[in-house]
Amino acid sequence: MKAPRVTLDQWRTLQAVVDHGGFAQAAEALHRSQSSVSYTVARMQDQLGVPLLRIDGRKAVLTDAGEVLLRRSRQLVKNASQLEDLAHHMEQGWEAEVRLVVDAAYPNARLVRALTAFMPKSRGCRVRLREEVLSGVEELLMEGVADLAISSFSIPGYLGTEMSDVEFIAVAHPDHALHRMNRELSFQDLEGQMQVVIRDSGRQQPRDVGWLGAEQRWTVGSLATAAAFVSSGLGFAWLPRHIIERELHEGVLKQLPLEQGGSRHPTFYLYSNKDKPLGPATQILVELLRSFDTAPLDAPFTAPLQA
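Since the structure is predicted, the reported quantities are computational estimates derived from the model, not experimental observations. (Residues numbered from 1 in each chain as written. Predicted model: local features only at pLDDT ≥ 70, side-chain atom pairs only at ≥ 80, totals over all residues. Heavy atoms only, no water.)

Visitor: I'm lost on the confidence of the model for the protein chain in this one. Help?
Guide: Interpretation of the predicted coordinates at a detailed level should be avoided for regions scoring low in pLDDT. Looking at the protein chain as a whole, its pLDDT mean stands at 86, while 89% of the residues score no less than 70. Of all secondary-structure elements in the protein chain, the lowest mean pLDDT belongs to helix 4 (residues 64-91), at 75, while strand 5 (residues 148-151) reaches the highest, 97. (pLDDT = per-residue confidence, 0-100. Helix = DSSP H or I, 4+ residues; strand = E, 2+ residues; numbered from the N terminus.)

Visitor: Help me understand the pattern of salt bridges, please; the structure alone is not making it clear to me.
Guide: Should the charged atoms of two oppositely charged side chains come close, the side chains can pair. Using the criterion set out here, one finds 12 salt bridges in the structure. Residues joined in a network through salt bridges with shared partners are Glu97, Arg126 and Arg128. (Salt bridge = Lys/Arg side-chain N within 4 Å of Asp/Glu carboxyl O.)

Visitor: Any chance you could explain helix 11 (residues 280-292) here in plain terms?
Guide: Given 3.6 residues to a turn, an α-helix orients residues that are three or four positions apart in the same direction. Here helix 11 contains 13 residues, and its C-alpha end-to-end distance of 19 Å stays within 8% of the 18 Å for a straight helix at 1.5 Å per residue. Of all the residues in helix 11, the buried ones are Ala281, Thr282, Leu285, Val286, Leu288 and Leu289. Considering only its buried residues, helix 11 is in contact with strand 3 (97-103), helix 5 (108-118), strand 4 (126-132), strand 5, strand 6 (161-165) and strand 13 (267-272). (Expected span 1.5 Å × (residues − 1). Buried < 20%, exposed > 50% of the residue type's maximum accessible area, 1.4 Å probe, protein only. Contact = heavy atoms within 4.5 Å.)

Visitor: Please clarify how empty space enclosed by the protein should be interpreted in this entry.
Guide: Tallied over the entire structure, the rule returns one cavity of 30 Å³ or more. Estimated volume of the largest cavity: approximately 50 Å³. Considering the residues around the largest cavity, the lining is formed by Glu95, Asp147, Asn273, Lys276, Pro277, Leu278, Gly279 and Thr282. Split by residue class, the lining of the largest cavity holds two nonpolar, three polar and three charged. (1 Å grid on protein atoms, 1.4 Å probe; cavity = no way out; pocket = protein on both sides within 12 Å on 5 of 7 lines; lining within 4 Å. Points joined across faces, edges and corners; volume = space filled by probe spheres on them. Nonpolar A, V, L, I, M, F, W, Y, C, P; charged D, E, K, R; others polar.)

Visitor: Sorry, what's going on with the nonpolar core here?
Guide: Buried together is how nonpolar side chains tend to be arranged in soluble globular proteins. Ranked by internal contacts, the top residues of the largest apolar core, which has 42 residues, are Leu148, Leu239 and Leu289. Mapped onto the domain boundaries, this core takes at least three residues apiece from domain 2 (97-165 + 267-293) and domain 3 (168-264). In contact with Leu289, not counting residues within four places along its chain, are Leu100, Leu111, Ala114, Leu148, Met163 and Leu270. (Core = buried A, V, L, I, M, F, W, Y, C linked by side-chain atoms within 4.5 Å. Domains from an automatic or database assignment.)

Visitor: Would you mind showing me how to read the side chain of Gln15 here?
Guide: Along the chain, the position of Gln15 falls in helix 1 (residues 8-20). Among the residues examined, Gln15 registers a relative accessible area of 10% and is labelled buried. Here the side chain of Gln15 touches Ser73 through a polar contact of 3.1 Å, side chain to side chain. Sequence-distant contacts of Gln15, defined by excluding residues within four places in its chain, comprise Leu70, Ser73, Arg74 and Val77. (Polar contact = N/O pair within 3.5 Å; in protein donor to acceptor, adjacent residues only side chain to side chain.)

Visitor: Before we go on, may I ask you to explain the sheet that holds strand 5 in this structure?
Guide: Working definition: the strands of a sheet are paired by backbone hydrogen bonds and lie parallel or antiparallel to each other. With mixed pairing, the five strands of this open sheet are ordered in space as 4-3-5-13-6. Two strands lie at the open edges of the sheet, namely strand 4 and strand 6, each paired on one side alone. Strand-to-strand, the axes of this sheet are offset by a mean angle of 20°, without reference to chain direction. When strand 6 meets strand 13, the two strands line up antiparallel, connected through three bridges. Each bridged residue has a counterpart across the sheet, and for Asp165 the counterpart in strand 13 is Thr267. Across the sheet, helix 5 is in contact with strand 3, strand 4, strand 5 and strand 6; its angle to strand 4 comes to roughly 170°. (Pairing = 2+ DSSP bridges. Axes fitted to C-alpha atoms, helices over the stretch in contact; angles between N-to-C directions.)

Visitor: Where do I start with the packing of helix 2 (residues 23-30) against helix 3 (residues 34-48) in this structure?
Guide: Think of two packed helices as two axes; the pair is described by the angle between the axes and how far apart they sit. Across the interface, helix 2 lies against helix 3 with an axial gap of 8 Å and an inter-helix angle of 110°. Compared by their axis directions, helix 2 and helix 3 come out roughly perpendicular. On helix 3, the residues touching Phe23, Ala24, Ala26, Ala27 and Leu30 of helix 2 are Gln34, Val37, Ser38 and Val41. Looking at the contact of helix 2 with helix 3, its residues break down into seven nonpolar, two polar and no charged. (Parallel < 35°, antiparallel > 145°, perpendicular 65-115°, else oblique.)

Laid out in structure tokens, this is it:
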């Protein structure tokens with residue numbers, strides 16, 4: 001890679017000349033001599049091979065090339081400053097990245113609110129978000145791949161912080177044979193129909209949570225796919241209410257009238273990697289996840305403007 005001929009200090013000097021209205025003013029702002037500022041800009045022009053400033057009366061004015069290069073240089077200097085800040089924060093123990101693994105059934109609306117609130121506090125710390133199903137969350141936490149995990153399982157050896165529950169309801173298309181029975185449904189009624197279940201993404205000990213043992217079973221890879229199948233009349237399933245609100249409203253899904261068990265409310269828990277102390281950024285994210293966990297899913301939300 002070719003080394004740059006112009007330094008960040010030179011770009012900062014040019015910016016000061018333009019922003020402060022001249023060489024003398026820039027020299028005062030930078031606490032340097034005017035001759036030093038003039039030499040720096042002249043040297044830049046020689047190195048780049050294009051004129052950056054022209055004299056208009058008694059004032060230095062940007063050339064067309066100078067305007068383009070100055071505009072690009074502002075982002076360059078800003079990025080360098082942010083990089084230095086990040087290095088300083090890391091020296092103080094601030095993490096470069098937080099790895100968050102979440103069960104796919106947990107409401108995205110709450111994650112969005114928490115992560116949006118985290119952005120201005122992050123000091124450049126990135127979040128690596130990964131969605132898993134059922135025991136897939138547990139495996140990644142126990143393997144040390146996750147710093148934080150949100151799961152509906154009680155994970156052995158870990159102390160989780162209790163969070164909200166998620167309502168799962170048994171649904172089928174309104175024209176499905178189960179709805180045409182026009183009565184409360186029993187376990188035996190469901191056993192004779194095809195059930196759509198979501199594949200556990202865990203590899204070690206995958207679980208069949210919610211499967212009734214029916215002979216007819218289709219296994220899919222995501223909640224969205226399960227909702228699409230059932231909305232098309234292919235079987236029945238237990239799905240999170242918040243994910244299928246639109247389908248329920250549009251009438252392509254309808255809750256099954258079960259005698260019992262038609263609604264389930266598994267509680268979710270927030271876990272942290274027990275083999276790795278929580279850094280300051282991770283601690284902030286934990287508090288935000290807990291804070292927004294109780295926010296109504298239909299509450300108005302506006303993303304902040306980007307700086």
